Every structure is written in structure tokens, then in C-alpha cells.
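# A closer look at the structure
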Amino acid sequence: MTPPKLSVIDFSLKNLIPNSSSWNTTCSEAMHALEEHGVFIATYDGVSQELDDAIFLASRDVFDLPTKVKVLSTSDTPYHAYSGKTPIMPLYESIGIENATTTEGVEFFTKLMWPSGNENFGKSTLMFSKAVAELYQIVMRMVAKSYGIKEQCETLLGSSVQNLRFMKYLCPEEDEGNPLGMLPHTDISFMTILHDKQVKGLQIKTKEGQWIEVDPLPSSFIVMAGDVCMAWSNGRIHAPCHRVIMQGNQERYSLGQFTFIRGLDIQIPQKLIDEDHPPQFKDFDHYNYNQLKNLLTNITHHPTNTTHHHLHHPSLPPTTTHHYPPPPPLITTTRLHHRSLPPATTTLTHHSPKPPPATPITTYHHPTITTHLNHPSPPPATTTPTHHHHPSLPPTNTTTHHHLPPPLTKTTTHHYHHHPPPATT
Ligand SMILES: O=C(O)CCC(=O)C(=O)O
Ligand SMILES: [Fe+2]
């Protein structure tokens, strides 16, 4: 089966006058891509070549700092701190700026890294982050138009916080050669926009389980829905699993702008709920670590994820289960198929504590998360997942990855039911 190509959609600003015919065409292409693949490539001219060069210089500048400086970038928010190389992902390193579209956010980070200042770094990151946020807003206004939920989208936009993350991947050692840059995962963001310095590596998994290699094009920005967007859209928008496999002998620099929703509960718009689309997710707070942990604990396995037509790189473990962010200690290996969930009022029985024998769970912890595993008051694990460290990953029999699950209200150890739809006022 030839894997499909990702849609490349023209987001040149001149074509995007709201409600013009080119805006409408772009809108339907983008929506189709988000619903089918959860991702598309936007060719976007909001970042000039000069700014593009400057932002990758800024990236080099920050990675060239001594580790003892980079580790100063800590965060109270899970998944936001500096992440150095780990045994699981030895090629990968990343560091991020919270609230990167604000002068305060950028200044705070810049001063932390360069107490005596770094004007160029500050200028280019702020400009880049704002330009990428504009692309996010354009996309969200298309989502708004398409679903008829303008007001809800504007509220979301008002509560959107942009975290800009610099990422660097080393080349694998010549002989040892494990090319794994980043484990397969879905993003915990609302939306992610990725941009790389035209070195291949990113791969996206289709709903059918095929891996698509993303060809880096100049001016291309990969717009990808995160788990939280999938939940918010009541499952209409797909959050794709993706990974990074290093090829060739060039280091890879990429940038990810991760949108989080702050100060507003994530709530499915009423328009996206009807008889045929009962609510699959209850309201939750994107920044509430415990709520997120619960969501991740009640893991959903998308039916397509349990089929295994993955084109694995030979040196990758053939079969694994990943969480990004890594889950809290699993209570059980709950297996609920969110697409086929019965209406919200129905009580579901999950298969735990007797999971199907053919799907053993192996959990990896993404490096950005390891710093957060000691987050205060993690719930005690009743069943601890098995953690394996590359390069000694044992083979397992299945490949499964986890999406943000339908936030089901746990009623008893073995029964879940959906939270009722939010009351209309
Ligand atoms: O480097 C990339 O292209 C992808 C990074 C990514 O998926 C992530 O940070 O969540
Ligand atoms: Fe990602």
C-alpha cells in the first residue's frame, strides 16, 4: 500500500482575506486534512527568510550554552522544562520558552540563559513566535467557520498560550546507529506547529497505521492537532501519532510551537454534540496536571492502533506502547475504543484487570517528562507499567499508542461512564 502524502496547503497571507473564495477553499482543505489526518503542511509566508535564518541561529545559540545553564530552565508546568539527552532518546535535546508571544515570557527566558542579555535571541524568538501564533489563529478561525462555533473559538484564542520549544537531534553513531530521534507519541497540546531546518526525520502515522515521511519544504509549517484539540472537537479532529527517525549524517534542528489553553476549562462546544455525536470527553483543565493524569490513566486505544502495518525501522523496537506525555502510573491497562463509544449515559465495562493477552504494554517516558515524574502527589500505582530503556528494548508483540482518552468518570474499579454534557444555560 503506498502511503498517502500529507496535504500541502497554501497559507500565503495574500490568499487569506477572510471569507474570500481562496480563504474558503483553504478552509475546506485544512478541515479535511485535520479530520482525516490531524495534520497538514502549511506553506506560510508569515516568517521571512531573514527571520527563519535568525530563529535557527537563536536555536544554535541556546543549544551551545553549557548544560549547567540550560538546566536552569525548569518549570512548574509539566512538559515545559529543559530536557537533556536520555538513555531512551539519546539523540534528542530540547528547551522551551513559555508564553513566547509575550515580551515578558521571552525576556524571562533570555535573562535566565544570558544574564547579561542577548538582544538578537530575544527579538527573533518573539517575532517568530508571534508569526506562528498568527498561523494558529488563522487555522482556528477556519475551524470556527467550519463548525459554526465562532464565539467558542474566539474564547479559546483569548486563552491560548504559546510555548516555543527548540529541539535538536544528533546523528546516530555510525556503528551503533539507532536512528530513533523521538518515540511515537501524540501531543498533549491543543495544537502544535512544527518547523524544521529542512532535515528529514518527522514521520506521521495515518489512521490506518502507515508511517508517512514528511518532506521538509522551505516555508513549510506542519500544523498538527494535539490530544486536547481532539477531545475539544469531540473526536472530530484527529490527533496523529508521530515520531522522529534520524537519517543521513546531518544534525536536525526543529522548532515546535505548542498551544496550551490557560484559565479556561476545555469544554466541547454544544454544536459538536448531538444524538449521533454524544460527548466523548468531560470538561477538563489543560493545566491541571492531576486531571491530565486521570485522562491519561484511563487510556483509550483507538481501534486502528491495534492493527500493525507499521513500517518499522529495523533498529526500532517492533512493537511498543507510548505515551506522550508519558502517563502517570497506570491504574490498569484500560482498553476502551473511543470511536465506538456508546452514548454518554451508557456504562462501559473495561477489560481490566484482564487485558487481552495479545497486547502487552510497554511504556516509554519521553525525556521532557522525566523531570515531571516526581511531580508532587502522584497517585499511587496499582499496576506499574514496565519501562524499558533503549537500546535494550525488548521486542513485544504489538504496537499501540495512546490517545488522550475520553475523560470517563470512574464509578467503580471496573466501570466507567461518560460525564454528562455540560448544562446549557
Ligand atoms: O522535531 C519534530 O519535528 C517533532 C517534535 C515533536 O513531535 C514534539 O516535540 O512533540
Ligand atoms: Fe510531537
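Please refer to the structure placed before this passage.
Please read all numbers here as calculations on a predicted model, not as lab measurements.

So, on to the sheet that holds strand β7 (residues 202-205). Backbone hydrogen bonds are what pair the strands of a sheet, in a parallel or an antiparallel way. Read across the open sheet, the 4 strands follow the order β5-β10-β7-β8; overall the sheet is antiparallel. Since the sheet does not close on itself, it has two edges, and those belong to β5 (180-185) and β8 (211-213), each with one partner. Neighbour to neighbour, the strand axes of the sheet diverge by 25° on average, direction disregarded.

Evaluation of the coordinates by the stated rule reveals 7 salt bridges. In this structure, Lys123 and Glu119 form a salt bridge, with 3.9 Å as the shortest nitrogen-oxygen distance. In this pair, Lys123 and Glu119 are both assigned in helix α5 (residues 119-147), 4 residues apart and thus about one turn of the helix distant. Here Lys200 makes a salt bridge to Glu213, at a shortest N to O gap of 3.1 Å. You can see Lys200 sitting in the loop between β6 (191-196) and β7 and its partner Glu213 sitting in strand β8, a full 13 residues away along the chain. We classify Glu213 as partly exposed; its relative accessible area is 36%. Within the structure, one salt-bridge network assembled from shared partners comprises Lys5, Lys200, Glu213 and Asp215.

Take unusual backbone geometry next. Phi at Asn99 is positive, roughly 50°, even though this residue is not glycine. Note on placement: Asn99 falls in the loop between β3 (92-97) and α4 (103-113). Under the relative-accessibility criterion, Asn99 is labelled partly exposed at 27%. The phi angle at Asn234 is positive, at roughly 60°, despite the residue not being glycine. Mapped onto the secondary structure, Asn234 falls in the loop between α7 (227-232) and β10 (242-245).

Each value, and the rule that gives it
Residues numbered from 1 in each chain as written. Chains lettered and ligands numbered in written order. Predicted model: local features only at pLDDT ≥ 70, side-chain atom pairs only at ≥ 80, totals over all residues. Heavy atoms only, no water. Pairing = 2+ DSSP bridges. Helix = DSSP H or I, 4+ residues; strand = E, 2+ residues; numbered from the N terminus. Axes fitted to C-alpha atoms, helices over the stretch in contact; angles between N-to-C directions. Salt bridge = Lys/Arg side-chain N within 4 Å of Asp/Glu carboxyl O. Buried < 20%, exposed > 50% of the residue type's maximum accessible area, 1.4 Å probe, protein only.

Shape descriptors only; they carry no functional weight alone.
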